[in-house]
Amino acid sequence: MAGRRGALIVLEGVDRAGKSTQSRKLVEALWRRGVRAELLRFPERTTEIGRLISSYLEKKNNLEDHTIHLLFSANRWEQVPSIKEKLNQGITLIVDRYAFSGVAFTSAKENFSLEWCKQPDVGLPKPDLILFLQLSTSEAAKRGDFGNERYENCLFQEKVLQCFHRLMEDKTLNWKMIDASKNIEDLHNEITSFAEEAMQQAKYTPIGELWK
């Protein structure tokens with residue numbers, strides 16, 4: 001019998017919905033329970049490609065829209081060997097943003113179809129669970145630091161939200177919608193129970209391929 005693998009759990013949502021806070025809290029909670037878990041964030045800003053993306057997001061440089069989309073995808077692909085290795089070692093990965101963010105943000109721009117945006121990420125490791133932190137764009141805008149990075153404006157975030165909802169229509173993926181306006185602890189408890197369920201189900205199933 002093959003060893004038990006870890007689960008790939010992704011947190012998504014509009015900017016400032018609390019993904020980073022909840023991702024960290026989930027990893028800490030799993031560690032306290034003796035579960036091997038690690039946090040992964042996209043974009044992974046420490047690689048060559050990641051540094052390029054980071055300076056673009058901080059408005060320090062401009063890149064053509066197709067180019068930046070493909071760079072975001074490349075940034076995910078360069079982590080795939082490590083993701084697969086860790087999952088197969090039984091480590092659960094909590095991922096702060098994944099391909100869904102990439103697709104939602106680019107397809108919210110003019111002249112980009114959802115299908116074109118999905119193509120570069122087809123075949124990435126498929127998440128066992130995608131937790132979508134639902135927060136109205138007006139609520140998100142009230143939270144700290146909103147507006148510091150390139151895409152943080154309400155009108156654009158509203159379009160992004162619509163693109164996310166279209167992605168959630170895909171029944172081959174395990175989406176769970178969560179009300180992110182709840183207090184941090186209630187939100188954390190709800191996320192943890194979904195995560196535990198996903199980890200149980202992932203144990204003996206092979207890693208899937210996204211959008212295939």
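These numbers come from a predicted model, not from an experiment.

Analysis parameters
Sequence order sets the numbering: in each chain, residues are counted from 1 along the sequence as written. Per-residue local features of the predicted model are confined to residues with pLDDT of at least 70, and side-chain atom pairs are confined, for both listing and counting, to 80 or more; whole-chain, interface and lining totals are unaffected and use all residues. Side-chain numbers here rest on the full set of heavy atoms in the structure, without hydrogens or water. Inter-axis angles, ranging from 0 to 180 degrees, are taken between N-to-C directions of lines fitted to C-alpha atoms, where helices are fitted over the stretch in contact. Comment: elements are numbered from the N terminus, with helices defined as DSSP H or I runs of at least four residues and strands as E runs of at least two. Reported orientations rely on four angle classes, namely roughly parallel under 35 degrees, roughly antiparallel over 145, roughly perpendicular from 65 to 115, and oblique for the rest. Handedness of a crossing follows from how the near helix is turned relative to the far one, being left-handed for an anticlockwise turn of less than a right angle and right-handed for a clockwise one. Residues are treated as being in contact if the distance between any of their heavy atoms lies within 4.5 Å. Two rings from Phe, Tyr or Trp (for Trp, the six-membered ring) form a pair when their centres are within 6.5 Å of each other. A pair whose planes differ by under 30 degrees is stacked, one over 60 is edge-to-face, and the rest are tilted. To sort residues, take the accessible area from a 1.4 Å probe on protein chains only and compare it with the maximum for the residue type: under 20% means buried, over 50% means exposed, and anything in between is partly exposed. Whenever Lys or Arg places a side-chain nitrogen within 4 Å of a carboxyl oxygen from Asp or Glu, that contact is recorded as a salt bridge. Definition used in this section: a nonpolar core is a set of buried Ala, Val, Leu, Ile, Met, Phe, Trp, Tyr and Cys residues joined via side-chain atoms within 4.5 Å. The pairing criterion for strands is at least two bridges between them, as found by DSSP.

1. Quick word on the packing of helix α5 (residues 99–107) against helix α8 (residues 154–167)
Helices that pack against each other are described as a pair by the angle of their axes relative to one another and the distance between those axes.
(1) Moving on: The geometry of α5 relative to α8 is characterised by a closest axis approach of 8 Å and an angle of 125° between their N-to-C directions. Taken together, α5 and α8 sit at an angle that is classed as oblique. Taken as a pair, α5 and α8 cross one another with a handedness that is right-handed. Facing α5, whose interface residues are F100, S101, V103, A104, F105 and S107, α8 presents F156, Q157, V160, C163, F164 and L167.

2. Brief notes about the packing of aromatic side chains
(1) Moving on: Per the counting criterion, the structure on display carries eight aromatic pairs.
(2) Moving on: Taking the centre distance of 6.0 Å and the plane angle of 45° together, the rings of F42 and Y98 count as tilted. In this pair, F42 is assigned in the loop between β2 (37–41) and α2 (48–57) and Y98 in the loop between β3 (92–96) and α5, connecting sequence segments 56 residues apart.
(3) Moving on: On the accessibility criterion, F42 (5% relative accessible area) is buried.
(4) Moving on: What makes Y98 buried here is its relative accessible area of 1%.

3. Topic: the environment of N189
(1) Moving on: Inspection of the secondary structure assignment puts N189 in helix α9 (residues 184–202).
(2) Moving on: We classify N189 as partly exposed; its relative accessible area is 48%.
(3) Moving on: In this structure, the C-alpha to C-alpha distance between N189 and A29, residues 160 residues apart in sequence, is 9.8 Å.

4. Some remarks on the pattern of salt bridges
(1) Moving on: Per the counting criterion, the structure on display carries 14 salt bridges.
(2) Moving on: Three or more residues joined by partner-sharing salt bridges are found here, namely R45, E58 and K60.

5. Examining the nonpolar core
(1) Moving on: Membership of the largest hydrophobic core comes to 57 residues, with the highest contact counts inside it found for I9, Y98, F100, L131, F164, L167 and W175.
(2) Moving on: At seven residues, the largest contribution of residues to this core is made by α9.
(3) Moving on: Counting residues in each nonpolar core, the second largest holds six residues, with Y56, L57, L71 and F72 among its members.

6. Considering the environment of H165
(1) Moving on: Following the sequence through the fold, H165 ends up in helix α8.
(2) Moving on: Residues H165 and A104, 61 residues apart in the sequence, show an inter-C-alpha distance of 9.1 Å.
(3) Moving on: The residues contacting H165, other than those within four sequence positions of it, are Q134 and M177.

7. Quick notes on the pairing of strand β1 (residues 8–13)
(1) Moving on: Within β1, six of the six residues are buried, which leaves it mostly tucked inside the rest of the structure.
(2) Moving on: Neither face of β1 is open: one carries L8, V10 and E12, the other I9, L11 and G13, and all of them are buried.
(3) Moving on: In terms of strand pairing, β1 meets β3 through four bridges, oriented parallel. Counterpart to I9 in the pairing with β3 is I94.

Such coordinate-based values are descriptive only and should not be taken to indicate function.
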